[in-house]
Amino acid sequence: MRKLFVGLAIGCQMLVLGAIASAVQGAQPYSRGVSPYHVPGRVAAPPAKSAGQGTGSAYGAYGAPRQLSPQAQAKPMYPTAKPRTSPGPTGARANSGTSPAPQAAGSSRTTEGSGSRESQPANVPAPEQALRLAPVQPDVEYTRPAEVDVPRCRVIARRTEGAVGWVVEDPAGLPLRRFLDTNADNKVDQWCYYKDGLEVYRDIDADYNGKADQYRWFNTAGSRWALDRDEDGLIDAWHSISAEEVTAEVIAALATQDAARFARVALNADDLKGLGLGPGKSQDLAEKIATMGIQFKDTAARAKGVTEKTRWVHFSGSQPGIVPAGTEGSTKDIQVYENVVAIAQTGSDHVQVQIGTLVRIGDVWKAIDVPQATGEGDTRQADAGYFFRVAPSNRPQMATDVPSEKMQEVLTALQKLDAAAAQAASPEEQARYHAQRADLLQKIADDATKPEDRAMWLRQLADMLGAAVQSGAFPEGIKRLEALFERVRRSEQESDLAAHVRFVELTAQYGLSMQAKGADFAKIQGEWLKTLEQYVTDYPKGPDAAEAMLQLAIAQEFAGREEEAKRWYGQIVAGFSDSPAAQKAAGAKTRLESVGKVLTLQGKSPTGATVDLAKYRGQVVLIQYWASWCEPCKADMATLKELLSKHGRSFAVIGVNLDNREEAMGAFLKENPLPWSQIFEPGGLDSRPAVEMGILTLPTMILVDQQGRVVNRNITAVELEAELKRLIQ
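Within any chain, residue numbers begin from 1 and follow the written order of that chain's sequence. The model is predicted, so local features are restricted to residues of pLDDT at least 70 and side-chain atom pairs to those at 80 or more, both for listing and for counting; the totals for chains, interfaces and linings are taken over all residues. Heavy atoms throughout the structure, all of them, feed into the side-chain values; hydrogens and water do not.

Participant: Teacher, can you tell me more about the environment of Ala 269 here?
Facilitator: What counts as a helix is a DSSP run of H or I of at least four residues, what counts as a strand is a run of E of at least two, and both are numbered from the N terminus. Among the structural elements, Ala 269 can be located in helix H4 (residues 269–275). C-alpha of Ala 269 to C-alpha of Ile 289: the two residues are 20 residues apart in sequence and 7.7 Å apart in space.

Printed below as a string of structure tokens:
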């Protein structure tokens, strides 16, 4: 879901953290009264990066730079008796093996958020120390300043995203590293690395024992999330990885003849059990995967054109499809890519590798075939897929050709331009960079020989311009978006592209208006809603129509016009039944119409037990949707505890946690135990429990009577006491 956020900077307070030293309390960007759609509401979750998303661009969908994980609001922390040093993650390849923990002599630096100069603690690390650590995982591309620039870098104590730690900035003020303590134990547990001012990689110590056990890639580096269960620096499994990144892993496994690396992205027996395939397909796949390990070793040993210097270049395949439940006895929908090809490069030579079929299991894509390398210029694909028994030529295709020499030259120029982007420090230089990047993307699109390739590159151009405009780095990009829209709108074959470009253009213009000095936010918001309505009229079946309708529906709901909101929600469900927006809209409509109806709620607790609302018959039950980053939610918990104590067995609470990661919930509950059951599924506001009830903001609390019927679908803690007195005689 594409979200626009308005933040509130609330106060600054000096914090001191032993080994992490002092930092200040930063902004609280998500507080009661702020919604993701610039209309009155409650706390909205920061967007999580979608697992498996492969845009082929450094920019997120719909013109917004990709966002990272939720931002929790940490508690003030005070000095310990003896400051402790904080080690880097076990396995980190530091040049000297030393830690960036505070050790250096004191200095005077600007305290983040205060606007004044404060005396920093005596253990501020020198930039040379902080820059010695390296990522645990190899082949991470991150900014390493020239030796001559290192002394001019600065280290700042800062509170960011609810944690306290050091931020290392280059002479131009762009972040290079960030070392955080997220659980207030005075030890670093996150080591973050940046490229061109964007975080691209993070080592995570999720169990706070000083050893990294998770590795995540962000922004231009991708979306994968790896687990290291035995904390030995080697990836054991993938928590999430996109289809594109799976093909890159396969190429790397082939290049190094690493069967274990391939096995991590290959379907296994446990995966097969969860797919819900019919008996025939299950048996066939079981036999297929039983020999994949042996076959891979043989294939890797004799793969033509693949050496240890081979690098992944490009993903190619038909659009993903759903094999619906009931097909050949299957019990679940299965999302698959068929006839996938990866293009790799060794020196100046290209090689194609037939990946075959990929299946999605949760947030992880898995291969069901042993890869097969073909020679340069060989563009053959399999005659038919494993699930879709039709020739690939009869289905929509993405680009499958090896880039031409002319195209490769432009792609190389684009890579060089992006590599030099860090040098664009001034607004003028940034604008020049975006203009040059737009020129190159336009040239690639113009040189494309296939309509679908041209559309793909123009879509990337639009997304890039939209992101640059909204970030404030390239306001002139709005004119390019307008020109691009005028260019593509005249082609009937590009109607979907025109609709997308128009949506990006309108969104960028809205963002630009919100940034203007002295902006009248209420007026801009009203005009934005009118713009969305006109967009839906102009492009009722466009690829972004469902999202535009969803924003309209949410705005109407927050404004109290619930009938109008239900009308929009209903239109989304009726017209875009397969879209993620339709699922959220259906849930929101269910919630709005829930009063007086029996509510069904069931899910797994963190311990694996089933939490079922039906088992609470005879009790008044409050369902609290909450997250560890939501301060009002946590404030409400004190009231709920008091009411539980007062009303005994007549009243019960069920918590539905909407953190993106279970670790965030676990860390909060460890410090703040709650006497009621919790339901948790990954995904935050896009998780199943949230989507089923269309939960849009937090806190959201629903009150259910002794018969399981909804009494109040949006009750507040202040109202709860009176309702309980009425219901409990």
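From this point, the discussion proceeds with the structure in view.
Participant: Sorry if this is basic, but what is going on with unusual backbone geometry here?
Facilitator: The bulk of non-glycine residues show a negative phi, and the bulk of peptide bonds are trans. A cis geometry characterises the amide bond from Leu 698 onward to Pro 699, with omega recorded as 0 degrees. In this structure, Pro 699 sits in the loop between helix H18 (688–692) and strand E24 (700–704). The backbone of Ala 184 sits at a positive phi, close to 60 degrees, despite the residue not being glycine. Even without glycine at this site, Tyr 208 takes up a positive phi of about 55 degrees. The topology assignment puts Tyr 208 in the loop between strand E9 (198–204) and strand E10 (214–217).

Participant: So what exactly am I meant to see when it comes to the sheet that holds strand E22 (residues 651–657) here?
Facilitator: In a beta sheet, neighbouring strands are held together by backbone hydrogen bonds and run either parallel or antiparallel to one another. In this scheme, strands are said to pair when DSSP sees at least two bridges between them. If you walk across this open sheet you meet the five strands as E23-E22-E21-E24-E25, and the pairing is mixed. Because the sheet does not close on itself, it has two edges, and the strands there are strand E23 (677–680) and strand E25 (710–712). Between one strand and the next, the sheet's axes are offset by a mean angle of 30 degrees, whatever the strand orientation. The pairing of E22 with E23 spans four bridges and is classified as parallel. From the neighbouring strand, Asn 657 faces E23, where its bridge partner is Phe 680. In this fold helix H19 (residues 717–727) packs onto strand E21 (620–626), E22, E24 and E25, with an angle of close to 130 degrees to the strand it touches most, E25. Between N-to-C directions, angles span 0 to 180 degrees; the directions come from axes that are lines fitted to C-alpha atoms, helices contributing only their stretch in contact. Here a residue-residue contact requires only that any non-hydrogen atoms of the pair lie within 4.5 Å.

Participant: Explain the state of the cysteines to me, please; I cannot follow it from the model alone.
Facilitator: One covalent bond between the sulfur atoms of two cysteine residues makes up a disulfide. The term disulfide is used for any two cysteine sulfur atoms that are within 2.5 Å. Counted by the stated rule, this structure contains one disulfide. Residue pairing for Cys 630: its cysteine sulfur links by disulfide to Cys 633, the two sulfurs lying 2.4 Å apart. Between Cys 630 and Cys 633 the sulfur-sulfur dihedral comes to about 80 degrees; the bridge is accordingly right-handed. Pair check on accessibility: Cys 630 and Cys 633 agree, each one buried. Relative accessible area decides the class of each residue, using a 1.4 Å probe on protein chains only: under 20% of the type maximum gives buried, over 50% gives exposed, and in between gives partly exposed.

Participant: Explain the nonpolar core here, please?
Facilitator: Residues Leu 358 and Phe 387 are the most contacted members of the largest nonpolar core, which totals 70 residues. Here this core gets seven residues from one element, more than from any other, and that element is helix H2 (residues 243–256). Apart from the residues within four sequence positions on either side, Phe 387 is in contact with Leu 277, Lys 281, Val 323, Val 336, Glu 338, Thr 357, Val 359 and Ile 368. In this description, a nonpolar core means a group of buried Ala, Val, Leu, Ile, Met, Phe, Trp, Tyr and Cys residues linked to one another through side-chain atoms lying within 4.5 Å. The next biggest cluster of nonpolar side chains, apart from the first, holds 67 residues, and it includes Ala 435, Leu 506, Ile 524 and Leu 529.

Participant: Explain the environment of Ala 413 to me, please; I cannot follow it from the model alone.
Facilitator: Relative to the assigned elements, Ala 413 resides in helix H7 (residues 405–419). Spatially, the C-alpha atom of Ala 413 lies 9.4 Å from that of Arg 437, the residues being 24 residues apart in sequence.

Participant: Teacher, can you tell me more about the pattern of salt bridges here?
Facilitator: Oppositely charged side chains can form a pair if their charged atoms are brought close together. Here, a salt bridge means any Lys or Arg side-chain nitrogen found within 4 Å of an Asp or Glu carboxyl oxygen. Applying the stated criterion across every chain, the model contains 31 salt bridges. Here Lys 589 and Glu 593 are joined by a salt bridge, their closest N and O atoms 3.0 Å apart. Take Lys 589: its relative accessible area is 26%, and that puts it in the partly exposed class. Overall, the relative accessible area of 29% leaves Glu 593 in the partly exposed class. Taken together, the shared-partner salt bridges connect Arg 154, Arg 158 and Glu 169 into one network.

Participant: Would you explain the packing of aromatic side chains in this entry?
Facilitator: Planes of paired rings set the category: under 30 degrees apart is stacked, over 60 is edge-to-face and the rest tilted, where pairs are Phe, Tyr or Trp rings (Trp by its six-membered ring) whose centres lie within 6.5 Å. Going through the model one piece at a time under the given rule, you end up with 12 aromatic pairs. With 5.2 Å between their ring centres and 65 degrees between their planes, Tyr 201 and Trp 217 make a pair best called edge-to-face. In this pair, Tyr 201 is assigned in strand E9 and Trp 217 in strand E10, connecting sequence segments 16 residues apart. Across the pair, Trp 217 and Tyr 201 agree in class, each one buried. Put simply, the rings of Tyr 142, Tyr 193, Tyr 201, Trp 217 and Trp 238 pair up and form one aromatic cluster. As a reminder, the over-ring test applies to NZ of lysine and CZ of arginine, requiring each to be within 6 Å of the ring centre and within 35 degrees of the ring normal. A cation sits over an aromatic face here: Arg 502 above Phe 485, 5.2 Å from the ring centre. For Lys 541, the ring lying beneath its charged end belongs to Phe 576, and the centroid distance is 5.8 Å.

Participant: Whenever I open this one, the packing of helix H12 (residues 521–538) against helix H13 (residues 545–558) confuses me. Can you help?
Facilitator: A pair of packed helices is characterised by two quantities: the angle between their axes and the separation of those axes. Running from N to C, H12 and H13 point in directions that differ by 140 degrees, and their axes come no closer than 9 Å. Overall, the two elements H12 and H13 adopt an arrangement that is oblique. In this structure, H12 crosses over H13, and the sense of that crossing is left-handed. Together, Trp 528, Leu 529, Leu 532, Glu 533, Tyr 535 and Val 536 of H12 and Ala 545, Ala 548, Met 549, Gln 551, Leu 552, Ala 555 and Gln 556 of H13 make up the contact between the two elements. As a working rule, the residues Ala, Val, Leu, Ile, Met, Phe, Trp, Tyr, Cys and Pro are called nonpolar, Asp, Glu, Lys and Arg charged, and the rest polar, with Gly in that last group. In terms of residue class, the contact of H12 with H13 is made up of 10 nonpolar, two polar and one charged. For this classification, under 35 degrees means roughly parallel, over 145 means roughly antiparallel, 65 to 115 means roughly perpendicular, and everything else is oblique. In a left-handed crossing the near helix is turned counterclockwise from the far helix by less than a right angle, and in a right-handed crossing that turn is clockwise.

Participant: Would you mind going over the packing of helix H10 (residues 477–488) against helix H11 (residues 495–515) with me for this structure?
Facilitator: At a minimum axis distance of 9 Å, the contact between H10 and H11 shows a crossing angle of 160 degrees. Taken together, H10 and H11 sit at an angle that is classed as roughly antiparallel. Like other packed secondary-structure pairs, H10 and H11 cross with a definite hand, here left-handed. In contact with Ile 478, Leu 481, Glu 482, Leu 484, Phe 485 and Val 488 of H10, H11 contributes Leu 497, Ala 498, Val 501, Arg 502, Val 504, Glu 505, Ala 508, Gln 509 and Leu 512.

That's the geometry; what it means functionally is another story.
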